[in-house]
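# Descriptive analysis of the structure
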Amino acid sequence: MEKLETQVVVIGGGITGCSVLRDLSMRGIDAMLFERGNLSEGTTGNFHGLLHSGGRYAVKDQPAAIECIEENRILRRIAPQAIEDTGGFFVTLTDEDEEFLPRFLDGCEACGIPTEVLSADEALQAEPALSPDVRTAVSVPDGSIDGWDICIGSVNAAKELGARVFLFTPVTDILTENSRVVGIRAKDESSGEEYEVRAEYVINATGPWTEQTAALADVYVPMELSPGTMIVLDSRPVQRVINRCRYPTDGDIIVPVGTTIVLGTTSKDIEDPDDYAIEQWEVDVVLTECMEMVPKIEEMGIQRTYAGVRPLYEPPEDLTGEETGRDVSRAHFVLDHEQLDGVGGFVTITGGKVTTARLMAEETVDLVADKMGVDEPCRTDEVPLPTM
Ligand SMILES: Cc1cc2nc3c(=O)[nH]c(=O)nc-3n(C[C@H](O)[C@H](O)[C@H](O)COP(=O)(O)OP(=O)(O)OC[C@H]3O[C@@H](n4cnc5c(N)ncnc54)[C@H](O)[C@@H]3O)c2cc1C
């Protein structure tokens, strides 16, 4: 067993853990990241690819919408290499969509999301593959974002500053002494090498595995796991992100990624993040709904389907049993287990989105740095992210 020491251990190499590692390193805090597989192999490598403008949440979850538009602007500045500035449309096709439209526009205005309303003719001129039934399109600053690029760029930046990264090395135990987390144990699955790492703080950034990881420290974090299915098609008939202008539901977003479009998504509940399957109804509903916006999809070939699990946290006071899947907030939560559970040295960061991961990291590191007496401010919103 190799014995190591650091100031902070980060568990999880998705966008959240990688962003936390970079922020810690930029504030001069010595840190190590442990990932059970490869970088981005969890939800981050299986998301829809949308740089949210916030439009999707402008009616139902305005705090999440505001975070999205603010982070959207920051990411365009610090990581242009990871973004395709496609722009996005929210399209109305039916009377019901038209009824939702004023609420959508009011919500965007309240959240600071710029919009431009286009007539049917203007929309079809910009995107000829849209349905001839389109009535209105609202233009928003959506984009397409590469999550791998941001993860690898963040890790490279952190390594340059001295951080160490252990891949294919799951954390198997969290060490506690006198109601305080003091480190972790981990095992390199390829070499068999075992590590015991002493640290002042351990940050749990394990996405859908958050509850399992917290349990290693005897802490309960109630998670709602909600997988979604996406379908990759064989060409790119639209240049912008196309969203259906209605209350968020299944199959209402088309994201152009490279030479393809990715249709999505669905939402259901599962118990185990390592045990779920794509069901035929999910593929059917996504295809049917997206075809309403872009009929040409019916003639296109499917390249592949994939799915990822949303790590949604439900705060205990809201455990009414009424909110599931799409109703649970997409906002993020920084959990200070010293305050919540009387277990010091342990912080969880969960929920959120790829679009808001930088902010999630900032808030997490603000908390940990403050506890450690480090007063170096966050600069991840101004320093460009290196390319991978
Ligand atoms: C269907 C779907 C579509 C989405 N679309 C979008 C979108 O278009 N735009 C957007 O902004 N957001 C989107 N999201 C949200 C976004 O993808 C997630 O919020 C984000 O990727 C979560 O990242 P994470 O780092 O927290 O979790 P993950 O990426 O899952 O990372 C957690 C990591 O922890 C590791 N791990 C687990 N246990 C251990 C252990 N014991 N030891 C070491 N490592 C461990 C895992 O291997 C994993 O790599 C989508 C989510 C889903 C499910």
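In the block above lies the structure referred to throughout.
The text that follows walks through the structure, step by step, so that each part is easy to find. Throughout, a residue's number is its position along its own chain's written sequence, starting from 1. It should be noted that, the model being predicted, local features are given only for residues of pLDDT at least 70 and side-chain atom pairs only at 80 or more, the latter also being counted only at that level, while totals for whole chains, interfaces and linings use all residues. Hydrogen atoms and water are omitted, and side-chain values are computed over all heavy atoms in the structure.

## Topic: the site of the ligand
In the neighbourhood of the ligand, 34 residues make up the surrounding shell, with Thr-16, Glu-35, Thr-44, Leu-50 and Thr-355 lying closest. Nitrogen and oxygen atoms within 3.5 Å of one another constitute a polar contact, given that in protein one can donate a hydrogen and the other can accept it, and given that sequence-neighbouring residues count only through two side-chain atoms. Val-354 places a main-chain nitrogen or oxygen 3.1 Å from an oxygen atom of the ligand. Per-residue and other accessible areas follow the Shrake-Rupley method at a 1.4 Å probe size, with only the shown protein chains counted as cover for residues. When the ligand is considered free in solution it has 1,000 Å² of accessible area, and contact with the protein chains removes 95% of it. The way it works is that DSSP assigns letters per residue, a run of H or I at least four long becomes a helix, a run of E at least two long becomes a strand, and they are numbered from the N terminus. Looking at the shell around the ligand, the elements that each hand over two or more residues are α1 (15-26), β15 (223-233) and β19 (302-313). For each residue, the test is whether any non-hydrogen atom lies within 4 Å of the molecule or strand; if one does, the residue is near.

## Examining the sheet that holds strand β11 (residues 171-177)
Two strands form a pair only when DSSP identifies at least two bridges running between them. Spatially, β1-β13-β12-β11 is the arrangement adopted by the four strands of the open sheet, whose pairing is mixed. At either margin of the open sheet sits one strand with a lone partner, and together these are β1 (2-5) and β11. This sheet shows a mean twist of 25 degrees between the axes of neighbouring strands, independent of strand direction. Where β1 lies against strand β13 (residues 194-198), four bridges are found, and the strand directions are parallel. To get an axis, a line is fitted to the C-alpha atoms, and for a helix only the part in contact is used. The angle between two axes follows their N-to-C directions and goes from 0 to 180 degrees.

## Focus: the sheet that holds strand β9 (residues 143-145)
Strand order in the open sheet formed by three strands is β4-β9-β5, and the pairing between neighbours is antiparallel. A single partner strand is all that each edge strand has here, and the edge strands are β4 (50-51) and β5 (83-84). In this sheet, β9 lies alongside β5 in antiparallel orientation, the contact comprising two bridges. Of the residues in β9, the one forming a bridge with Ile-83 is Ile-145.

## Observations regarding the nonpolar core
Formed by 39 residues in total, the largest nonpolar core has its most connected members in Val-8, Val-10, Val-20, Leu-21, Leu-24, Ile-145 and Ile-150. For this core, the secondary-structure elements that each account for two or more residues are β2 (8-11), α1, β3 (31-34), α2 (62-78), α5 (147-160), β14 (201-204), β21 (346-351) and α9 (357-372). Looking at this core element by element, the count peaks at seven residues for α9. Contact between two residues is taken to exist if any of their heavy atoms lie within 4.5 Å; hydrogens are not considered. Sequence-distant contacts of Leu-21, that is, excluding residues within four places in its chain, are made with Val-10, Ala-31, Met-32, Leu-33, Val-155, Ala-158, Ala-163 and Val-165. Val-171, Ile-174, Ala-199 and Ala-217 belong to the second largest nonpolar core, which has 27 residues in total. Among the buried residues, those of types Ala, Val, Leu, Ile, Met, Phe, Trp, Tyr and Cys that are joined through side-chain atoms within 4.5 Å form a nonpolar core. Each residue is assigned to one of three classes by its accessible area relative to the maximum for its type, calculated with a 1.4 Å probe on protein chains only: buried under 20%, partly exposed between the two thresholds, exposed over 50%.

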